[in-house]
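Chain by chain, the residues run as shown.
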Amino acid sequence: LTQLCTFVGCTQVEGDLILSISNPGLIPPCLASPTGFTTLQAALERAFRSLRRINGFLVLTSNICIYNLNFLLSLEVVHSTTTIGSTYRILIQNNVALQDISGLRNLVEIGGTDLETVPEGIRIGENFLINFNPHLCSLQLQALYSSLSGSRQPITPSDLMRASAIVNESFTTNAAPSICPVGRFPINATGISEDKILVQWEQPVPRTANSTVYRQYLYYVETRGSTDPHLRDIIMQDGEQASFSCAAKLEHWSMVVLPANATSYTIEDLVICSEYAIEIDVLYNSSSIGGLVTGNSSRIVLGRPKRPPILPPPSHL
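Residues numbered from 1 in each chain as written. Predicted model: local features only at pLDDT ≥ 70, side-chain atom pairs only at ≥ 80, totals over all residues. Heavy atoms only, no water.

As a further point, take the nonpolar core. Residues F48, L58, L104 and L107 are the most contacted members of the largest nonpolar core, which totals 39 residues. Looking at this core, the elements with two or more residues in it are strand 2 (17–19), helix 1 (40–48), strand 4 (58–61), strand 6 (90–93), strand 9 (128–131) and helix 2 (138–149). Not counting the four nearest positions on each side in its chain, F48 is found in contact with L4, F7, L17, L19 and F71. Residues F185, V213, A262 and I267 belong to the second largest nonpolar core, which totals 19 residues. (Core = buried A, V, L, I, M, F, W, Y, C linked by side-chain atoms within 4.5 Å. Buried < 20%, exposed > 50% of the residue type's maximum accessible area, 1.4 Å probe, protein only. Helix = DSSP H or I, 4+ residues; strand = E, 2+ residues; numbered from the N terminus. Contact = heavy atoms within 4.5 Å.)

Given below as structure tokens:
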């Protein structure tokens, strides 16, 4: 992450900008807040807040801690003279926490095409490859596309198919969805003994008719026994956007693999009187994609084992 420090105050990048951060680790001091507690999202906003032009591709792939692209709000030009694949100059792929791509709405030029005066026969959507981001849906792409092209080029399902914008829906009809599906489902965590927590939830429902639940993963981590003093804050600070796999460093969390039809699990051998953050992730088998794809996640909850009974003091003999 120290490489991000070189972008502070930068207005132009010569070459491709590729962000692929699977384990952010510690935020470097050049991007930290005065308190020293900074998330990756905030660090990216400090690094790229002045960036206006990229003379190459824009690639965001396999990031687990990026919720939105607001750190690119100043970006106006992606001027790549070549393409990724046949037509793409912007690739946004496999970002498990990404929920909002409106940070690209201030683009005015992609690949030499002025978005205000798009030539006949050129479709803006062909510049984007946006796929396998489990918390995005087609409306996010529709909103971005509309903000870039206005009413001159209304987006259609065929545009999304041509742009390979696979974002949790299968475009087999002529109608795009009217609302984005809810990504995070509720779970309950109840202490049932001094070292056990019962976790319960409703069976996840696939977002499309072409998907089935393949497997579920339960993650948990002790929030107060961690060597990272900010772990609990990192886990809980973003509410609905919080990414457990981002917040809980690999050396801290535990994982349990659950069958597709599981709706409860008892976590055992926990520390008495401690607190745990808990989340469930769902893996789908999608026939439209032809393989496994990351699905939705539960809300993150905090749970505690049941407190031991307080024994009365011994009677005075």
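The discussion continues.
Burial along strand 6 is two-sided: the face carrying I90 and I92 and the face carrying L91 and Q93 are both buried. Where strand 4 lies against strand 6, 4 bridges are found, and the strand directions are parallel. Note that in strand 6 the partner of T61 across the bridge is Q93. As defined by bridge partners, strand 6 adjoins strand 9 across 4 bridges and the pair is classed as parallel. Its bridge partner lying in strand 9, I92 is registered against I130. (Pairing = 2+ DSSP bridges.)

Scored by pLDDT, the chain comes out at a mean of 75, with 66% of its residues at no less than 70. Here residues 162–179 scores under 50 on pLDDT; set against residues more than four positions off or in separate chains, the count is 54 contacts. (pLDDT = per-residue confidence, 0-100.)

Time to look at the packing of aromatic side chains. The description of an aromatic ring pair uses the distance of the two centres, along with the angle that the planes make with each other. For the structure on display, the rule yields 3 aromatic pairs. Members of the aromatic cluster, each reached through a chain of ring pairs, are F7, F48 and F71. (Phe/Tyr/Trp six-rings, centres within 6.5 Å; stacked < 30°, edge-to-face > 60°.)

Read across the open sheet, the 5 strands follow the order 1-3-5-7-8; overall the sheet is mixed. Each edge of the open sheet is held by one strand with a lone partner, namely strand 1 (12–14) and strand 8 (113–114).

With that settled, consider unusual backbone geometry. The backbone phi angle of S62 is positive, close to 60 degrees, even though this residue is not glycine. Examined against the element boundaries, S62 turns out to sit in the loop between strand 4 and strand 5 (77–78). Backbone geometry at C273 places phi at a positive 65 degrees, although glycine is not the residue there. Among the structural elements, C273 can be located in the loop between strand 15 (264–267) and strand 16 (276–286). Look at C273 and you get partly exposed, because its relative accessible area is 39%.

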